[in-house]
Each structure stands twice: as structure tokens, then as C-alpha cells.
Amino acid sequence: MKRWFAVHVRSNHERKVDRFLAGRAVESFLPTYRVQSKWSDREVRIEKPLFPGYLFAHVDSESSERVAVLSAAGVVRIVGFGGLAATIPDDVIDSLRVVAREGSGRPCPYLRDGMTVRITSGPFRGASGIVSTRPGHKPRLVVSIHLLGRSVAVPIEGPEVDLPST
């Protein structure tokens, strides 16, 4: 049975591996986004991988397709844990296809509940606090005043968040 797998590739080899797999009739998916880039003599719009260093392959892990993926120049490994390749649900890939089709998605920090972050843009720029997540709701920034035993929460977007270095 075919499933989606994340394929880790060498830096800047995403397109090369994607073309190789297409030539071997292996279904792959490289989500990208468009960005304006300044060159010395002009501005151009370029497409960059949404997940630098990764693309996705739809293969049967027991077939020769897996060998084709692993033999592609630039492939480091199929992402997995404990020696087993980890699958990605079809609905996640479907959602990524929708986002990538528009070309307006942007990489952003992966926000986890309890993470300390600083807001870098938007109306709450400069605020720091803890990320609070609830199923079905946007992540929120919680700023607490421990002395008063009170907190305030505001919704946040991933691109406007910076993860403080530790």
C-alpha cells in the first residue's frame, strides 16, 4: 500500500531529487512558495521550498520505488524513528497541496504549548510570553503578571513570532 513519506535531501537538492523521481515514475511532492528576491541588477520572483531540505514521496515501502527514492543523488534518508520510516497522513499532504497551490504560504516556527516566544511584527510587536494552544483555536500569546496572579492572552500567527535563543 502506498503511503506518503518525508524524504530528507542535501541542501538545495530538492528540485533535482523531485525531477529524478518524476523520471522514475515515483509520485513526489515539493511544496514551494513565491518570494521577491533582489539581485544586483533587478528584482525577481523565485520559488523556494516550503520545507528546505525535504520533499515528500508517495511509495510502497516494500517496493522498488523505495529503492528508487533512496538511490536518488542528493537523498540523505527517508525520515523515520527507530529504524522505521514514518508515514505522513494523506489529509496533511492534501492540505499542503492547497496551501502550495496558492503560493502564499510561508515557513514559520513550529509553535508548541508552553513555548516562550517574542512577537516580531504586527500590533503586539515586542511582547513576550508563553504560547497557549487549544484544539480548534489559534495559538495565543499569554503574558502573565505573577505578582498579581493574572494573565492576558492574544491570538498570534506563526510568521510574527520569534523563538528566543537559549
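Residues numbered from 1 in each chain as written. Predicted model: local features only at pLDDT ≥ 70, side-chain atom pairs only at ≥ 80, totals over all residues. Heavy atoms only, no water.

Draft legend 1. Fine view of unusual backbone geometry. With a phi angle near 65°, N12 is a residue other than glycine that sits in the positive phi range. The topology assignment puts N12 in the loop between β1 (2–9) and α1 (14–23). For N12, a relative accessible area of 70% gives the class exposed. A positive phi is found at A25, a non-glycine position, where the angle reads about 60°. Looking at where A25 falls in the secondary structure, it is placed in the loop between α1 and β2 (27–29). Exposure remark for A25: the relative accessible area of 65% places this residue in the exposed category. (Helix = DSSP H or I, 4+ residues; strand = E, 2+ residues; numbered from the N terminus. Buried < 20%, exposed > 50% of the residue type's maximum accessible area, 1.4 Å probe, protein only.)

Draft legend 2. Region of interest: the side chain of S28. Inspection of the secondary structure assignment puts S28 in strand β2. At 2.4 Å, the side chain of S28 and the side chain of D18 are in polar contact. (Polar contact = N/O pair within 3.5 Å; in protein donor to acceptor, adjacent residues only side chain to side chain.)

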